[in-house]
Amino acid sequence: MSYGRLKIYSDAKEITANNVADEVNKAYAVHGGNRADIKKLWEYYRGKTKIELKKKEIREEINHKINENRAYEIVRFHKGYVFGEPIQYVRRERATSKETDDVIATEINSLNGYMADANKSACDNALAEWMYVAGTGYRLTLPNTKWSLDNDESPLNIYALDPMKTFVVYSTDIDEHPLMAVVVVERENNEKVFSVYTEKSYFEFTDYGKPIEKPNTLGMIPIVEYPVENARLGVFEVAMPLLDALDELQSNRMDDIVQFVNSFLAILGGELDDKTYEKLNEWKTLCLPEGTDAKYLSATLSQADVQTLKNDIYTAILTICGVPNRNGGSSTSDTGSAVILRDGWESAEARAKATEEIFKSSEKEFLKIVLRILRDTVGTKLRLSDITPHFTRRNYDNIASKSQVLIAMLNNPKIHPEVAYASCGMFPDPESAYLQGMAYYDEQMKKWEPVEVDETEDEGEEDVQVS
């Protein structure tokens, strides 16, 4: 059993061509342990578990090896619950003028469009899968060399990297700032190629080759680490002993059923010769002399007790991993809130919020890279302080309560309408919903504006009629 991934440190003040090879080799030794753990967890997630090594001393021919793969269920739940909808960027609330608000809102809409063009949502899903399995994930962001104002491509490319081939080295200083990010590619001849990014340079070298240095035009490390928590534990990692026990229980349970069906027939006080055995197979009946008895030798498990044990193990797994159970309830008077509390959805929401906060910390570093690329290409004026990531799950539960909150906030003259849209929790993209709502409101108001009438012409017409 592993205990999370180790964070890799270096005492170097700066990574240069003179020390890059030595520093990478020292860090790669630590990464080797992390890589072995990640490989084990990835194989476990795919179904390669300890149950495949199961041995049976008695009746070896009956030896089931059943993997229920609850690890896959746990990862898929968390991934779908937190990252099921695309992450949207919205304007951070602060006091600004209306003109500035409109400019920022337009820029953020463009930013979300660039993210959609770069398939960031698919990258987020791949990144989340690595995060929940391995305990950490890595994202690479680079300028799109094929982009121009004449095509519809995104000005940046986004990649989710394999954490078995990627690692970030941090400084031992008090701020623990990243010194370099390394990607290791192994060729067919088992030669390793190291690609190293620092804020100033890009290095590339093989096991025994001399580093080739190129300037890093971005001025920042383009690889960002996304740990799922400080210990960098996979979401099912702490429950692996219970997952193994569940597989073994289910496998032995199936062995017991098959052994019962294929029980041995014991003849008491007599013998069964070949001729009698052939007649038994043909007639499916057995004639025994007086004083002789026959019975099957079998000892079955109590299926009720086995099911109770299985339910207990499965419930413990779900509780530890923060996954709601599916036991339902017998009460017909349950409210929605009662079901949320009883079945573990509140715990799942607490886990999701904790993941969000850590994810947002890494996402800010990613946004720094994105904004730098967009300034150099499309000339965006956005700053990091203008943007905040917004997760868009659970938009339609308790929709009546959320709509009442929205109405109440919109009716309060001290609350900006955009704050109401962002706080009610109804909309996947509050910024877009607010802009669309305001545009619709202005359009409706114009339809109901009173038509101005020239009073002078009206009076002249009246005078003519009177005369």
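Up top is the structure these notes are about.
Attention in this report is confined to the structure presented alongside it. No experiment lies behind these values; they were computed from the predicted model shown.

Strands sit in the order S4-S3-S10 across an open sheet of three strands; the sheet is antiparallel. The sheet is open, and its two borders are formed by strand S4 (156-161) and strand S10 (223-227), each paired with just one other strand. With strand direction ignored, the average angle separating the axes of adjacent strands in the sheet is 25 degrees. Of the pairings in the sheet, the one linking strand S3 (residues 136-143) to S10 comprises five bridges and is antiparallel in character. In the strand pairing of S10, arginine 139 is matched with valine 224. Here helix H4 (residues 120-134) sits on the sheet in contact with S3, S4 and S10, set at roughly 150 degrees to S3.

Here we come to the pairing of S3. Burial analysis of S3 places six of its eight residues in the buried class, the great majority of the element. Examined bridge by bridge, S3 and S4 share six bridges and lie antiparallel to one another. Pairing of leucine 142 across the sheet is with asparagine 157, part of S4.

Ranked by internal contacts, the top residues of the largest apolar core, which has 61 residues, are Leu111 and Phe236. Top contributing element to this core by residue count: helix H9 (residues 345-377), with ten residues. Listed in part, the 28 residues of the second largest apolar core include Ala12, Val20, Ala181 and Phe203.

Turning our attention to the side chain of aspartate 255. Within the secondary structure layout, aspartate 255 lies in helix H5 (residues 240-261). Take aspartate 255: its relative accessible area is 2%, and that puts it in the buried class. Within the local environment of aspartate 255, its side chain forms a polar contact with the side chain of lysine 54, the two groups lying 2.6 Å apart. Side-chain polar atoms of aspartate 255 contact the side chain of histidine 64, separated by 2.8 Å. The contact partners of aspartate 255, leaving out residues within four places of it in the chain, are Lys54, Lys56, Ile62, Asn63 and His64.

Moving on to unusual backbone geometry. Here asparagine 190, not a glycine, exhibits a phi torsion of approximately 65 degrees, which is positive. Locating asparagine 190 in the fold gives a position in the loop between strand S6 (178-186) and strand S7 (192-197). Although it is not a glycine, arginine 232 adopts a positive phi angle of roughly 55 degrees. For arginine 232, the position within the fold is in the loop between S10 and H5.

Let's shift gears to the pattern of salt bridges. Close approach of charged atoms lets side chains of opposite charge pair. In this structure the tally under the stated criterion is 19 salt bridges. The partner of glutamate 23 in a salt bridge is lysine 26, with the nearest N and O atoms 3.3 Å apart. Placement of both glutamate 23 and lysine 26 in helix H1 (residues 20-46) is noted, with a separation of three residues, approximately one turn of the helix. For glutamate 23, a relative accessible area of 13% translates into the label buried. Its relative accessible area of 54% is what places lysine 26 among the exposed residues.

Calculation rules
Residue positions are given per chain, counting from 1 as you read along its sequence in written order. Note on the predicted model: pLDDT of at least 70 is required for a residue's local features to be given, and 80 or more for side-chain atom pairs to be given and counted; whole-chain, interface and lining totals, by contrast, use all residues. Side-chain descriptors were evaluated using all non-hydrogen atoms of the structure, hydrogens and water having been removed beforehand. Between any two strands, pairing holds if DSSP finds at least two bridges. Only DSSP runs of H or I covering at least 4 residues are called helices, and only runs of E covering at least 2 are called strands; the numbering of each starts at the N terminus. Axis lines are fitted to C-alpha atoms, over the contacting stretch for helices. Their N-to-C directions set the angle, which ranges from 0 to 180 degrees. The criterion used for residue contact is that any of the two residues' heavy atoms lie within 4.5 Å. Partly exposed residues are those whose accessible area sits between 20% and 50% of the maximum for their type, while under 20% is buried and over 50% is exposed, using a 1.4 Å probe and protein chains only. Joining through side-chain atoms within 4.5 Å is the link that ties buried Ala, Val, Leu, Ile, Met, Phe, Trp, Tyr and Cys residues into a set, and such a set is a nonpolar core. Polar contacts, as used here, are pairs of N or O atoms within 3.5 Å; protein pairs need one atom able to donate a hydrogen and one able to accept it. Residues neighboring in sequence count only if both atoms are side-chain atoms. What makes a salt bridge here is a side-chain nitrogen of Lys or Arg within 4 Å of a carboxyl oxygen of Asp or Glu, nothing more.

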